[in-house]
Amino acid sequence: MSEIHKFLFDGLPVRGVLVRLTDAWREVLRRRAANTRHGAYPLPLQNLLGEMTAAAVLMQSNIKFDGSLVLQVFGDGPVKLAVVEVQSDFGLRATATVNGALPDTATLSQMVNVGNGGRCAITLDPATRQPGQQPYQGVVPLFGDPHEKLEKFSDLLQHYMLQSEQLDTTLVLAADDQLAAGLLIQRLPLQGIDNLAGRSTRANEDEIGNNEDYRRIALLAASLKREELLTLDADAVLRRLFWQEKLLRFEPLQGAGGPHFSCTCSRQRVAKMILGLGAEEAASVLQERPDVEVGCDFCGAQYRFDAVDVAQLFKQNTPQPPGDTTLH
Ligand SMILES: [Zn+2]
């Protein structure tokens with residue numbers, strides 16, 4: 001079961017979130033692998049998309065926001081786009097496009113940042129957006145400084161969070177074909193989230209990179225190895241890292257209230273589309289191929305309607321002749 005574990009360090013201005021995506025992540029991969037046009041993701045892209053998915057869930061769980069959080073990487077290499085969307089209820093979907101084969105050893109920059117043109121965008125789209133209101137979007141390049149390309153997706157997000165939220169953040173991310181997982185440790189602003197007054201902003205600036213408690217806990221978090229994150233359960237990870245700290249843990253979010261796969265596509269929606277084409281158009285498609293096939297761009301699911309399905313669809317949906325008042 002996919003889970004989110006939130007915790008605080010008692011008495012210290014530090015909080016954390018640990019995310020483990022099992023069934024939700026496997027469903028992302030299952031849909032892609034079953035797609036006859038694209039097939040399964042190459043290994044390094046699978047792992048990048050998994051890390052992005054874990055990161056997007058961490059970020060969504062770390063903000064109070066009603067709407068979708070979209071994490072996108074626009075690549076200038078073989079991977080053109082990788083995108084993850086997480087709703088406030090932790091419904092998630094993810095997809096990526098790649099041209100040609102990728103070697104198993106491909107690094108982040110070899111995938112998406114060959115000519116320093118790669119970008120990452122973080123978009124917050126409120127559920128109740130007013131007409132004309134733009135979603136919030138932050139864009140970050142894929143290098144720390146112009147001479148140093150980033151090779152870890154977690155480094156990129158750490159930079160972004162420090163710049164956008166003025167908060168020290170440490171992220172550890174890992175993914176394979178079974179699990180996408182991540183740990184986030186963040187320093188809390190001393191005056192709470194309303195510290196917009198000049199003095200407390202100043203105090204926060206002085207604290208960036210300087211808070212002793214945060215630095216100690218961040219070092220512990222950064223010592224977590226990829227293999228540990230992928231093989232230990234949540235309790236074991238937190239015990240291994242923070243056994244000397246006093247953790248206050250919240251009830252984990254799992255099951256219906258936790259992260260789960262969710263895409264708006266369905267066989268029913270595709271059926272409506274085919275009905276929209278009209279019987280003649282659908283029949284002409286079926287003359288050239290064995291079925292009408294519609295793929296979802298957001299999750300890779302493919303829906304197929306063969307001649308029998310299509311015939312039934314139009315038969316069930318034949319408009320009733322005028323005067324026929326029979327209830328069906
Ligand atoms: Zn879909």
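Right above here is the structure, for reference.
Note that this is a predicted model, so its numbers are computed, not measured.

Caption draft 1: Region of interest: the nonpolar core. Core analysis: the biggest nonpolar cluster contains 66 residues, and Val19, Met52, Ala54, Ala55, Ala56 and Val57 have the highest contact counts within it. Among residues more than four places away in sequence, those in contact with Met52 are Leu71, Val73, Ala82, Val84 and Phe153. If you look at the next biggest cluster of nonpolar residues, it comprises 9 residues, including Val292, Ala301, Tyr303 and Phe305.

Caption draft 2: How the structure looks around the pairing of strand E5 (residues 91–98). In terms of burial, E5 is a largely internal element, 6 of the 8 residues being buried. As defined by bridge partners, strand E4 (residues 79–86) adjoins E5 across 7 bridges and the pair is classed as antiparallel. Pairing of Leu81 across the sheet is with Thr97, part of E5. Taking the residues that link successive antiparallel strands as the turn, the E4-E5 hairpin has 4 residues, and the phi of Phe90 there is positive, at about 70°. Bridge count for E5 against strand E14 (residues 260–261) is 2 bridges, and the pairing is parallel. Its bridge partner being in E14, Leu92 is matched across the sheet by Phe261.

Caption draft 3: Spatial organisation of the sheet that holds E4. Spatially, the 6 strands line up as an open sheet ordered E7-E6-E3-E4-E5-E14, and their pairing is mixed. Taken across any chain shown, the strands that pair with only one partner, and hence form the sheet edges, are strand E7 (136–141) and E14. Of the strands in this sheet, strand E6 (119–126) and E7 touch helix H4 (residues 153–165), which is tilted by about 125° from E7.

Caption draft 4: Here's a closer look at helix H6 (residues 212–222). Among the residues of H6, those classed as buried are Tyr214, Ile217, Ala218 and Ala221. The buried residues of H6 all sit within an arc of 105° when viewed along its axis, so they share a single face. Opposite the packed face of H6, turned more than 90 degrees from it, sit the exposed residues Glu212 and Leu219. Residues of H6 that are buried sit in contact with strand E1 (3–9), strand E2 (14–21), strand E10 (169–175), strand E11 (180–187) and helix H8 (234–242).

Rules and cut-offs
Residues numbered from 1 in each chain as written. Predicted model: local features only at pLDDT ≥ 70, side-chain atom pairs only at ≥ 80, totals over all residues. Core = buried A, V, L, I, M, F, W, Y, C linked by C-beta atoms within 7 Å. Buried ≥ 20, exposed ≤ 12 C-beta atoms within 10 Å, placed from the backbone. Contact = placed C-beta atoms within 7 Å. Helix = DSSP H or I, 4+ residues; strand = E, 2+ residues; numbered from the N terminus. Pairing = 2+ DSSP bridges. Axes fitted to C-alpha atoms, helices over the stretch in contact; angles between N-to-C directions. Arc of directions from axis to C-beta.

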